[in-house]
Amino acid sequence: MSVHNAPRLLDLAAKGLLRGGDLAAAGLEHLPAELFPPLFMEAFFGKHTESLQAMVQAWPFACLPLGGLMQFPQGRTLQATLDGLDVLLAQKVRPRRWKLQVLDLRNTGQNFWGLWSGAGAQECSPTRPVAVESCGAKQPLASLEVLIDLCISDKVQDQFFTYLVRWAKQREGPLHLCCKTLKIFSVTMGKIEDVLALVHRDCIQQVEVNCTWSLSTLGLFAPYLGQMSRLQRFSLSHIYMLEFEEEDEERHLSQFTSQFLGLKHLRKLYLESPYFLMGRLDQVLRCLQTPLETLSITDCLLVESDLTYLSQSPNLSQLKDLDLSGINFTGLSLVPLQALLDKAAATLQDLDLTFCGLVDSQVEAILPALSRCHQLGVFSISGNLLSVATVERLLRHTAGLPNLSLELYPAPLEAYGSEGALGLGRFTRIRAELGAILKDLGRPRTIWLSTSPCPHCGNKKFYDTEPVLCACENPA
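Residues numbered from 1 in each chain as written. Predicted model: local features only at pLDDT ≥ 70, side-chain atom pairs only at ≥ 80, totals over all residues. Heavy atoms only, no water.

Engineer: Whenever I open this one, the overall build of the chain confuses me. Can you help?
Structural biologist: A tally of regular secondary structure across the chain gives 15 helices and 15 strands. In the chain, which comprises 476 residues, the proportion classed as buried is 49%. A separation of at least 24 residues holds for 81% of the contacts in the chain among residues at least 6 apart in sequence. When the accessible surface of the chain is totalled, it reaches about 21800 Å², and 53% of it is carbon and sulfur. (Helix = DSSP H or I, 4+ residues; strand = E, 2+ residues; numbered from the N terminus. Buried < 20%, exposed > 50% of the residue type's maximum accessible area, 1.4 Å probe, protein only. Contact = heavy atoms within 4.5 Å. Areas by Shrake-Rupley, 256 points an atom, 1.4 Å probe, with all protein chains shown as cover.)

Written as structure tokens, this is what we have:
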């Protein structure tokens, strides 16, 4: 056996302590803190349930990141952990060594366990603190906090979550169950309501709804959304309207948009295929209570008034990410978009205008504002019908943006024949021309070109396998 593969002393000590059978809580009273993590891992993976129960009661750190060890729901080990917590919570006087404040069941904490296994353990201090991530909505009388992430889906077996949530609700006085991330995938509203009835909704900070809902179903979900007072990120996709709902459309929409009035921590808003926004974007934006960092409105139709309100909203002046991909701008003036880019120029880092039906004259309108976005790091305008001249002007106007690291452009119109087929020879020549322009601009730069459709398989969008490079050694 090589020196590098030899068992560490801590590992041998952990195995030795467990070899004689399960540990008792009294036997852990004077155990050094640095022995607990390797011993706990040994007991966890060896399914020494009584030892786990005893170790939870004597855990010498503020946080037990159990989720980092649970790749799959583990009934026996989870039960042992919860049984150990029950013993603690039942005691009227806290044990002298009780430091546990947070049980983290999320898929985090791998760094903590990694520090105490392998070579990382050699760098650990015996008194190294464990970072405690707590919840601002914690109940004042709660002596222990349990952190979980929830995913509600008909395709996911969630007995583990259901069991945990019900266990926590039965101990609501000394224990606080905190769900910070909630994901909902293709599930009935009844099941969603059952789960939301069991969690503290004011703890939730991120919500992702990936369901094909009718507008009336969104109206049913809306009151729950309004109760998530600490929500920071909200993602919603694929909302449609049934024919018989048309006369109640405004009522359902108002039920949804009015909830934003109570979301005073919202920073990131993602709306995918929101058909109901056309002509009504102002109803959402005017209810925002705080400036957004991210706004993503994709794959839908907007009208001129929507763009106008977009440029006038006071809560979009600090945007870092703006994604309007898939919105059809055909025939619309982009002067409002220019105004929005000017407003957010000091903060904007990511701009996505992919597949927006843009033409040369529309892009010309936003060039001056685009050149002032000095924080921009990612810019995509692929999938639009632009000429070589316009792509060249884009390259020149963005040449002064120091943070730009990813640029996605469409293959210019001149690369296609009269029937829309891509000419590989023409495409190759245009790539060479753009490479020469980049060299002329005098700074290191990489751009990607997309063709539509792919000349080989016909897919909607295809990025050339080789980027257009310019590795100038003497940037201007």
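Back to the text.
Engineer: How should I be thinking about the pairing of strand 8 (residues 294-298) in this particular structure?
Structural biologist: Remember that side chains alternate between the two faces of the sheet whenever the strand is regular. For strand 8, the buried fraction is high: five of the five residues fall into the buried class. Side chains T294, S296 and T298 of strand 8 all project onto a buried face; the interleaved residues L295 and I297 project onto the opposite face, where all are buried too. Pairing of strand 8 with strand 9 (residues 321-323), which is carried by three bridges, proceeds in the parallel orientation. Among the inter-strand pairings, T294 is bridged to a residue of strand 9, identified as D321. In terms of handedness, the path from strand 8 via helix 11 (residues 304-312) over to strand 9 forms a crossover that is right-handed. (Pairing = 2+ DSSP bridges. Right-handed = clockwise from strand over helix to strand, strands pointing away.)

Engineer: Looking at this structure, I do not really get the packing of aromatic side chains. What am I missing?
Structural biologist: Aromatic ring pairs are reported here in terms of the distance separating the ring centres and the angle at which the planes meet. Taken as a whole and judged by the stated rule, the model has 17 aromatic pairs. Considering the side-chain rings of F256 and F276, the 5.9 Å spacing of their centres and the 80 degrees angle between planes classify their relative orientation as edge-to-face. Here F276 lies in the loop between strand 7 (268-274) and helix 10 (281-285) and F256 lies in helix 9 (residues 249-257), a separation of 20 residues in the sequence. Each member of the pair, F256 together with F276, is buried. One aromatic cluster is present, built from ring pairs that chain together F36, F40, F44, F45, W59, F61, F112 and W113. (Phe/Tyr/Trp six-rings, centres within 6.5 Å; stacked < 30°, edge-to-face > 60°.)

Engineer: What exactly am I supposed to notice about the packing of helix 3 (residues 49-58) against helix 4 (residues 75-90) here?
Structural biologist: Relative orientation and spacing of two packed helices are given, respectively, by the angle between their axes and the distance between those axes. One can describe the packing of helix 3 onto helix 4 by two numbers: an axis separation of 8 Å at closest approach and a directional angle of 40 degrees. With respect to each other, helix 3 and helix 4 are oriented oblique. In terms of crossing hand, the pair formed by helix 3 and helix 4 is right-handed. When helix 3 is examined against helix 4, the residues T49, L52, Q53, V56 and Q57 are found in contact with a partner set consisting of R76, T77, A80, T81, D83, G84, L85, V87 and L88. (Axes fitted to C-alpha atoms, helices over the stretch in contact; angles between N-to-C directions. Parallel < 35°, antiparallel > 145°, perpendicular 65-115°, else oblique. Left-handed = near helix turned anticlockwise from the far one by under 90°.)

Engineer: Is there a simple way to think about the pattern of salt bridges in this case?
Structural biologist: For side chains bearing opposite charge, pairing can occur when the charged atoms are close. Throughout the structure, instances matching the rule amount to nine salt bridges. Between E364 and R393 there is a salt bridge, with its nearest N and O atoms 2.7 Å apart. You can see E364 sitting in helix 13 (residues 360-370) and its partner R393 sitting in helix 14 (residues 388-397), a full 29 residues away along the chain. The exposure class assigned to E364 is partly exposed, which follows from its relative accessible area of 30%. One connected set of salt bridges, linked through shared partners, spans E249, E250 and R280. (Salt bridge = Lys/Arg side-chain N within 4 Å of Asp/Glu carboxyl O.)

Engineer: Teacher, can you tell me more about the packing of helix 14 against helix 15 (residues 424-441) here?
Structural biologist: One way to put it is that helix 14 packs onto helix 15 with a least axis distance of 10 Å and a crossing angle of 25 degrees. When the interaxial angle is binned, helix 14 and helix 15 end up roughly parallel. Relative to helix 15, helix 14 is oriented so that their crossing is right-handed. In this structure, helix 14 contributes V388, V391, E392, L395 and R396 to the contact, and helix 15 contributes I430, E433, L434, I437, L438, D440 and L441.

Engineer: What is the right way to read the nonpolar core from this model?
Structural biologist: Most often, soluble globular proteins have nonpolar side chains that are buried together. Core analysis: the biggest nonpolar cluster contains 141 residues, and F40, L182, F221, F234, F260 and L322 have the highest contact counts within it. Setting aside residues up to four positions removed in sequence, F40 forms contacts with L52, M55, V56, W59, L64, L66, L69 and W113. Residues C63, V102, L147 and C203 belong to the second largest nonpolar core, which totals five residues. (Core = buried A, V, L, I, M, F, W, Y, C linked by side-chain atoms within 4.5 Å.)

Engineer: What is the right way to look at the environment of L52 in this model?
Structural biologist: Among the secondary structure elements, L52 is positioned in helix 3. Between the C-alpha atom of L52 and that of E42, which follows or precedes it by 10 residues, the distance is 9.6 Å.

Engineer: Explain the confidence of the model for the chain here, please?
Structural biologist: Taken as a whole, the chain shows an average pLDDT of 82; of its residues, 79% reach a score of 70 or greater. This model gives residues 1-6 a pLDDT under 50, and the stretch forms two contacts once residues within four places in sequence are excluded. Segment residues 119-129 is flagged for pLDDT under 50; beyond a separation of four residues in sequence, or across chains, it makes 12 contacts in the model. (pLDDT = per-residue confidence, 0-100.)

Engineer: Sorry if this is basic, but what is going on with the state of the cysteines here?
Structural biologist: Here, the word disulfide means a covalent bond between the sulfur atoms of two cysteines. Per the counting criterion, the structure on display carries zero disulfides. With no disulfide of its own, C151 lies 10.0 Å from the sulfur of C211, the closest cysteine sulfur. According to the relative accessible area criterion, C151 is partly exposed, its value standing at 23%. (Disulfide = S-S within 2.5 Å.)

Engineer: Would you mind showing me how to read helix 11 here?
Structural biologist: In an α-helix, one full turn covers 3.6 residues, which means residues spaced three or four apart are oriented alike. Taken residue by residue, helix 11 has D306, L307, L310 and S311 as its buried positions. Taken end-on, helix 11 shows its buried residues confined to a sector of 135 degrees, consistent with a single buried face. For helix 11, the secondary structure elements touched by its buried residues are helix 10, strand 8 and helix 12 (335-343). (Arc of directions from axis to C-beta.)

Engineer: Explain unusual backbone geometry to me, please; I cannot follow it from the model alone.
Structural biologist: The phi angle of most residues is negative, glycine excepted, and most peptide bonds adopt the trans form. If you check the backbone angles, H238 has positive phi at about 55 degrees while not being a glycine. Position of H238 among the secondary structure elements: in strand 6 (residues 233-240). Positive phi, close to 50 degrees, is recorded for F355, a residue that is not glycine. Mapped onto the elements of the fold, F355 is located in the loop between strand 10 (350-352) and helix 13.

Engineer: Sorry if this is basic, but what is going on with a nonpolar patch on the surface here?
Structural biologist: Judged by side-chain polarity, M278, L301 and V303 come together as a nonpolar surface patch covering roughly 240 Å² of accessible area. Here M278 shows up in the loop between strand 7 and helix 10. With a relative accessible area of 40%, M278 lands in the partly exposed category. (Patch = residues over 30% accessible without salt bridge, like charges linked within 9 Å, V, L, I, M, F, W, Y side chains within 5 Å.)

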